[in-house]
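Notes for the structure review
Single-letter residue listing:
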Amino acid sequence: MSAAAAPTTQRTIHRIIRQSGHHWVGDGFRVKGLLSYDDRELARLTSPFLLLDYNAPYEFGPTDQPRGVGAHPHRGFETVTFAFDGAIAHHDSTGGGGVIRAGDVQWMTAGRGILHKEYHDAEWAQQGGTFHMAQLWVNLPAAAKMTAPGYQPLTAEQIGSVELPCGAGTVRVVAGEFDGHRGPARTQTPINLWDVRLHPGASMTSAFAPSDSVAVLVIAGTATINGQDAVDGELVVFERDGGPITIATDAGTRFLVLDGEPIDEPIVGYGPFVMNTPAEIRQAFADFERGDFGRLD
Ligand code: MN
């Protein structure tokens, strides 16, 4: 976040990921897979971010049987879930849990192993309505992959809101900092996560550490990002070549900014586990089978 050291030419856009298809995670999350570490080139440019699933606004009817995904394990990374509309319930094998609503974020550290389940909140599901969320997987460095699991509920109130100059909009700092304002998330490596709203006709320019990974996910409206247009559900991935990013909007927009110091270590993943070597993946399966991840009914 040092503007002084950054080059003045704009950061290069590597690619805008426009994914028209979607898939279901359980029966509760209708997502576009915008980012996956299976793509090695993308994984290098977006490290420490491993995966991004985006549930564009979607209408769910009322039900007494909350939709979602049942107990499953994770090891070696963190899941960060953003609720934009709707209400998401979480329970895990460490006893962590809670419900997040519009503006809240949950930051779950799988570390050496956790079981969790992710559902629509039962009360919300009885009414139904618009559901809009994203889940980001954040890698852990090798030295922290076997850290103790944990859960950070980050409420909209804790996250707060920073006014941009000249009434341009607002920035909600989830992690890291923006203009001297720090977000509430504890992270294992340096990360900035911002949820930004720009009013019609506004723009903002931000500088990042030159070798950082940076990506922008548009979650509402339309934005012009370093001269290229992106709309709701599109992910702009940048090269790790320094330089500022300018985001402008004619009609108003909301977007997430993902900025992280890369973890340049080998990535070996299988399903819910992301480690550094195949042997560590085999160990994860063995430990899971043995019940080392705890219990969750
Ligand atoms: Mn999960």
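In what follows, the structure referred to is the one given above.
Here goes a summary of the coordinates provided. Note that the coordinates shown come from a computational prediction; the quantities given were computed from them, not determined experimentally.

Reading guide: rules and limits
- Residues numbered from 1 in each chain as written.
- Predicted model: local features only at pLDDT ≥ 70, side-chain atom pairs only at ≥ 80, totals over all residues.
- Heavy atoms only, no water.
- Pairing = 2+ DSSP bridges.
- Helix = DSSP H or I, 4+ residues; strand = E, 2+ residues; numbered from the N terminus.
- Axes fitted to C-alpha atoms, helices over the stretch in contact; angles between N-to-C directions.
- Contact = heavy atoms within 4.5 Å.
- Donors = N, O, S within 2.8 Å, 3.2 Å for Na, K, Ca; no water.
- Buried < 20%, exposed > 50% of the residue type's maximum accessible area, 1.4 Å probe, protein only.
- Core = buried A, V, L, I, M, F, W, Y, C linked by side-chain atoms within 4.5 Å.
- Salt bridge = Lys/Arg side-chain N within 4 Å of Asp/Glu carboxyl O.

1. Some remarks on the sheet that holds strand 9 (residues 105–109)
One open sheet accounts for seven strands, arranged 2-3-4-11-6-9-12; its pairing is antiparallel. Only two strands of the sheet have a single neighbouring strand rather than two, namely strand 2 (23–25) and strand 12 (150–154). Each strand of the sheet is rotated relative to its neighbour by a mean of 25°, with strand direction disregarded. Examined bridge by bridge, strand 3 (residues 29–36) and strand 4 (residues 49–60) share four bridges and lie antiparallel to one another. When the sheet's bridge partners are listed, K32 is paired in strand 4 with Y54.

2. Looking at the sheet that holds strand 8 (residues 97–101)
Reading across from one edge, 5-10-7-8 is the order of the four strands in this open sheet, with antiparallel pairing throughout. Two strands lie at the open edges of the sheet, namely strand 5 (68–74) and strand 8, each paired on one side alone. Going from strand to strand, the sheet's axes swing by 20° on average, the running direction of each strand aside. Relative to strand 8, strand 7 (residues 87–92) runs antiparallel, the two being bridged by five bridges. Following the sheet pairing, I88 is matched in strand 8 by I100.

3. Examining the environment of I13
Positionally, I13 belongs in strand 1 (residues 13–17). As for I13 and R240, which are separated by 227 residues in sequence, their C-alpha atoms are 9.5 Å apart. If we skip the residues at most four places from it in the chain, I13 touches I225, N226, Q228, V236, V237 and F238.

4. Quick look at the coordination of the manganese ion
Donor atoms from the polypeptide that bind the manganese ion are H72 (NE2), H74 (NE2), H116 (NE2) and E118 (OE), placed at 2.1 to 2.5 Å. Here H74 falls in the buried class, since its relative accessible area comes to 4%. Overall, the relative accessible area of 1% leaves H116 in the buried class.

5. Side note on the nonpolar core
Formed by 30 residues in total, the largest nonpolar core has its most connected members in F82, L136, L193 and L235. Ignoring sequence-local partners within four residues, the contact set of L193 consists of V80, F82, W107, L136, R172, V173, V174, A175, V257 and L258. Grouped together as the second largest cluster of nonpolar side chains are 26 residues, L164, L198, M204 and V257 included.

6. With respect to the pattern of salt bridges
Any two side chains of opposite charge can pair if their charged atoms end up close together. Taken as a whole and assessed by the stated rule, the structure comprises 10 salt bridges. Notably, a salt bridge pairs D195 with R172, separated by 2.7 Å at the nearest N-O pair. Within this pair, whereas D195 is found in strand 17 (residues 191–198), its partner R172 is found in strand 14 (residues 169–175), the two being separated by 23 residues in sequence. Per residue, the accessibility class of D195 equals that of R172, and both read buried. Residue D195 pairs with R254 through a salt bridge whose shortest N-O separation is 2.6 Å. Of this pair, D195 sits in strand 17 while R254 sits in strand 23 (residues 253–260); the two residues are 59 residues apart in sequence, bridging distant segments of the chain. The exposure class assigned to D195 is buried, which follows from its relative accessible area of 2%.

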